[in-house]
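# Topology and contacts: notes
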Amino acid sequence: MNTETTRTQIMQHAERLIQERGCNGFSYRDLAELIGIKTSSIHYYFAQKEDLLLAVAQDYYARWQAGIQTIDASVAADAKLRTYVDLHRRAFCDTERICLGAALAADLASLPDAVRQAVRAFYQANEDWLAGVLEQGQREGSVQVSGDVRTAARSLYAALQGSLVGARLFKNSKRVHDLLPATLGLRDPA
């Protein structure tokens, strides 16, 4: 058995289950059945569920940071925002999943402290990136923000997470597509 492949499979299945059911909606037994291994094998890689949740959260954070880095830094802020929202739309719409950060944040009361901190760091990184883009947009005139930019970034990120949940609930990706026109008045370029 290839240990790295097994570890990766455990993490991939755990991520999907968290996104679909929440962190309390699956067990090691569920993972073992999906992968075709014994639960003791999962404990070999992740002694406690806390260890698995933290590893999944950290991996997800790193992949989203890498995804954000693919957004062309030389384009206008409004284009960056459209690309950012589109990354989320492509990742989650027409699936039964939501952003791992939102799924874990919904279960915050039952998360171990290390996982809470990882979720907060994920949210903060997204909000910081959005604040930088909104500041750029105000400087260049491509985005108008009323009030404090940091508050606008938090509100935009919360609206994005909510639109992803709504898109899943109503099976309607338009809820994500409508986000930027509704929150910032940004229309798709003709």
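These remarks concern the structure in this document. A quick note: this is a predicted structure, and the numbers were derived from the prediction, not measured.

What counts as what
Residues numbered from 1 in each chain as written. Predicted model: local features only at pLDDT ≥ 70, side-chain atom pairs only at ≥ 80, totals over all residues. Heavy atoms only, no water. 1 Å grid on protein atoms, 1.4 Å probe; cavity = no way out; pocket = protein on both sides within 12 Å on 5 of 7 lines; lining within 4 Å. Points joined across faces, edges and corners; volume = space filled by probe spheres on them. Helix = DSSP H or I, 4+ residues; strand = E, 2+ residues; numbered from the N terminus. Nonpolar A, V, L, I, M, F, W, Y, C, P; charged D, E, K, R; others polar. Buried < 20%, exposed > 50% of the residue type's maximum accessible area, 1.4 Å probe, protein only. Arc of directions from axis to C-beta. Polar contact = N/O pair within 3.5 Å; in protein donor to acceptor, adjacent residues only side chain to side chain. Salt bridge = Lys/Arg side-chain N within 4 Å of Asp/Glu carboxyl O.

### What about empty space enclosed by the protein?
One way to see where empty space is left: roll a probe the size of a water molecule over the atoms. Applying the stated criterion across every chain yields a total of 1 cavity of 30 Å³ or more. Estimated volume of the largest cavity: approximately 50 Å³. Along the walls of the largest cavity sit Ala57, Tyr60, Tyr61, Leu100, Gly101, Leu104, Ala118, Val119 and Phe122, which together make up its complete lining. Of all the elements in the fold, those that place two or more residues in the lining of the largest cavity are helix 4 (49-69), helix 6 (100-106) and helix 7 (113-140). Of the residues in the lining of the largest cavity, the class split is 8 nonpolar, 1 polar and no charged.

### Digging into helix 2 (residues 28-35)
Count 3.6 residues to each turn of an α-helix, and residues three or four apart come out pointing the same way. Buried within helix 2 are the following residues: Tyr28, Leu31, Ala32 and Ile35. Relative to the axis of helix 2, the buried residues are bounded by an arc of 100 degrees and lie together on one face. In helix 2, the exposed positions angled more than 90 degrees off the buried face are occupied by Arg29 and Glu33. For helix 2, the side-chain oxygen to backbone nitrogen distance between the N-cap and Arg29 is 3.2 Å, and the N-cap itself is Ser27. Just downstream of helix 2, Gly36 is the residue with a positive phi angle, here 85 degrees.

### Remarks on the pattern of salt bridges
Tallying each qualifying case throughout the model produces 10 salt bridges. Across the pair Arg16 and Glu20 runs a salt bridge, and its minimum N-O distance is 3.1 Å. Here Glu20 and Arg16 lie together in helix 1 (residues 3-21), a separation of 4 residues that amounts to about one turn. For Glu20, a relative accessible area of 30% translates into the label partly exposed. Measuring nitrogen to oxygen at the nearest pair gives 3.2 Å for the salt bridge that ties Asp78 to Arg82. Of this pair, Asp78 and Arg82 both sit in helix 5 (residues 77-92), separated by 4 residues, roughly a single helical turn. Owing to a relative accessible area of 19%, Asp78 belongs among the buried residues under this scheme. Because the salt bridges share partners, they merge into one network encompassing Glu15, Asp59 and Arg63.

These figures come from the coordinates and say nothing about function on their own.
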